[in-house]
Amino acid sequence: MVYRKAGGQTWYTRVVTTQQAERLCSTGTTLRTEAVAVERWHQGVRRRLDVHGVLDAIVAKRLTLLQAYRLGEAGVVAHFQQQAEAAAAAAEQAARDAANLDLRPHLETFLTWRAQRTAGRTMVPIYRQQLLRLFPEAEWRRDWWTAQLVAQRLDQLDVPTDATRNRYRAAVSAFAKWCVRRGLLASNPARDIGGYAESPADVIWWSEADAKRLIAALPAEYRVREALMAGCGMDWSDCQRLRVRDLDLTARTVRCYGSKTKHRNRVVRITEAWVLPVLRAAVAHALPDAWVCPRHSSKQANRVHRQTLEALDITPVARLHAWRHHYAVTLLRRGELPQVVAHQEGHGTTKLVLDRYGKMIPHLADYLPDESPEAGAATDPATSALSGPRPRRQHRA
């Protein structure tokens with residue numbers, strides 16, 4: 001049955017899908033005979049058209065009833081098939097475009113974001129260098145940022161140790177994590193492959209006499225940096241940021257502006273008094289805003305450090321970072337608490353201190369008491385030569 005609204009000229013009919021969705025649709029004509037013909041046509045082909053979603057499109061106003069009538073049954077089916085093919089092609093093209101998304105232009109955006117962070121901004125130039133070395137291509141297609149490719153690039157990297165590979169993996173992981181948060185990647189490929197097993201770090205420790213000889217033999221412009229490392233556990237980045245105003249030789253404190261973690265931003269104490277004359281000489285006539293340490297590159301400073309060790313026949317010959325190990329062992333063997341050592345070196349907890357250096361600090365109280373029946377199993381020469389500051393431990397019966 002066709003309808004005409006009050007005061008209207010156009011005839012309407014009710015369209016009902018097989019799912020019982022319905023809508024009063026215009027036949028698009030003011031002639032009743034033509035409106036009845038449209039209604040009869042739609043009712044005659046209703047079940048056949050509903051398979052293709054034509055009636056759903058009419059009810060949803062994506063197609064008018066008059067357009068369907070004029071196209072005819074075959075024309076309507078062909079029309080919808082063309083639309084479905086076009087939609088599938090568009091979806092396929094969108095998928096190809098998404099797979100071929102170039103991540104290379106997003107690198108600078110990532111590095112800019114990283115530079116604005118309080119922690120980790122010093123890693124920006126290092127991350128840029130590492131990522132460009134791993135992926136030298138001009139285009140970084142998203143579809144080949146997979147765990148398999150990242151693992152292959154890391155395995156083929158020409159570096160001396162797996163520890164260095166882990167540093168490169170950290171750069172990839174940081175960039176990929178940033179991409180995941182912004183919907184550029186579905187997952188982090190560097191996280192999926194895991195890290196490389198690293199060899200335990202060598203614990204370097206020189207005697208105090210050798211440490212003094214080393215500092216004294218260094219050229220004057222290199223002496224102050226190593227004196228700070230030996231005297232209060234500072235690292236390279238701490239020394240590079242240190243100004244004269246941050247050094248209080250009267251209170252024997254140093255204000256460090258480390259940025260690797262929040263714990264590197266700290267005030268440390270100069271615990272080794274023998275480095276004070278070196279520090280006083282270095283800042284005697286300097287202005288408060290002057291740099292304490294000359295602007296040498298780490299490569300140049302390490303070369304001078306190694307050459308001096310070799311010239312003095314001091315072993316082991318190690319890089320500048322060995323002062324961190326030397327300082328931690330020196331304090332622990334002296335009896336300082338691990339918490340003090342962790343603070344001086346900028347660690348958040350004592351775990352690293354105890355895991356790495358705990359074996360270097362045996363105390364007499366840690367061994368069996370002399371009156372114990374098993375005391376003969378202890379190494380008497382070793383325990384008797386070490387008298388720790390802690391009292392003898394009370395063993396329970």
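Because the structure is a prediction, the values reported are computed rather than measured.

### As for the overall build of the chain
Of regular secondary structure, the chain possesses 18 helices and six strands. For the chain, buried positions account for 39% of its 397 residues. For the chain, long-range pairs separated by at least 24 residues make up 60% of all intrachain contacts whose partners lie at least 6 apart in sequence. For the chain, the exposed surface amounts to about 22,400 Å²; the carbon and sulfur share of it is 52%.

### A look at the sheet that holds strand 2 (residues 11-16)
If you trace the three strands from one edge of the open sheet to the other, you get 1-2-3, paired in antiparallel fashion. Two strands lie at the open edges of the sheet, namely strand 1 (2-4) and strand 3 (22-26), each paired on one side alone. Taking the axes of each pair of neighbouring strands and ignoring which way they run, one obtains an average angle of 35 degrees across the sheet. Here three bridges tie strand 1 to strand 2, and the two strands are oriented antiparallel to one another. Bridge pairing links R4 to W11 in strand 2.

### Here's the deal with the confidence of the model for the chain
Taken residue by residue, the chain gives an average pLDDT of 82. The fraction at 70 or more is 82%. Throughout residues 374-388 the model reports pLDDT below 50, and contacts reaching past four residues in sequence, or to other chains, amount to 13 contacts.

### Focus: the sheet that holds strand 4 (residues 247-248)
The pairing of strands in a sheet comes from backbone hydrogen bonds and takes either a parallel or an antiparallel form. Spatially, 4-5-6 is the arrangement adopted by the three strands of the open sheet, whose pairing is antiparallel. Strand pairing shows two members of the sheet lacking a second neighbour, strand 4 and strand 6 (265-269), which therefore form its edges. Inspection of the sheet shows strand 4 paired to strand 5 (residues 253-257) by two bridges, in the antiparallel sense. Across the sheet, L247 pairs through a bridge with V254, a residue of strand 5.

### Concerning a positive patch on the surface
On the surface, a cluster of positive charge is contributed by R117, K177, R181 and R182. Positionally, K177 belongs in helix 8 (residues 162-181).

### As for the packing of helix 11 (residues 220-232) against helix 13 (residues 276-283)
Helix packing for two helices is described by the angle between their axes and how far apart those axes are. The contact between helix 11 and helix 13 brings their axes to 9 Å, and the two run at 135 degrees. If you check the angle between helix 11 and helix 13, you find them oblique. As for how helix 11 packs across helix 13, the hand of that crossing is left-handed. Contacts between helix 11 and helix 13 involve R223, V224, A227 and L228 on the former and, on the latter, V278, L279 and A282. When the residues that make up the contact of helix 11 with helix 13 are grouped by side-chain class, the tally is six nonpolar, no polar and one charged.

### Remarks on unusual backbone geometry
The residue after T315, namely P316, is reached through a cis peptide bond having omega -5 degrees. Mapped onto the elements, P316 comes out in the loop between helix 14 (298-312) and helix 15 (322-334). At R252, a position not held by glycine, the phi torsion is positive, near 60 degrees. Among the structural elements, R252 can be located in the loop between strand 4 and strand 5. Residue class for R252 comes out partly exposed when judged on its relative accessible area of 22%. For D313, which is not glycine, the phi torsion reads 60 degrees and is therefore positive. By the element assignment, D313 lies in the loop between helix 14 and helix 15. Look at D313 and you get exposed, because its relative accessible area is 64%.

Cut-offs used in this document
- Residues numbered from 1 in each chain as written.
- Predicted model: local features only at pLDDT ≥ 70, side-chain atom pairs only at ≥ 80, totals over all residues.
- Heavy atoms only, no water.
- Helix = DSSP H or I, 4+ residues; strand = E, 2+ residues; numbered from the N terminus.
- Buried < 20%, exposed > 50% of the residue type's maximum accessible area, 1.4 Å probe, protein only.
- Contact = heavy atoms within 4.5 Å.
- Areas by Shrake-Rupley, 256 points an atom, 1.4 Å probe, with all protein chains shown as cover.
- Pairing = 2+ DSSP bridges.
- Axes fitted to C-alpha atoms, helices over the stretch in contact; angles between N-to-C directions.
- pLDDT = per-residue confidence, 0-100.
- Patch = residues over 30% accessible without salt bridge, like charges linked within 9 Å, V, L, I, M, F, W, Y side chains within 5 Å.
- Salt bridge = Lys/Arg side-chain N within 4 Å of Asp/Glu carboxyl O.
- Lys, Arg positive; Asp, Glu negative; His and termini not counted.
- Charge placed at Lys NZ, Arg CZ, Asp CG, Glu CD.
- Parallel < 35°, antiparallel > 145°, perpendicular 65-115°, else oblique.
- Left-handed = near helix turned anticlockwise from the far one by under 90°.
- Nonpolar A, V, L, I, M, F, W, Y, C, P; charged D, E, K, R; others polar.

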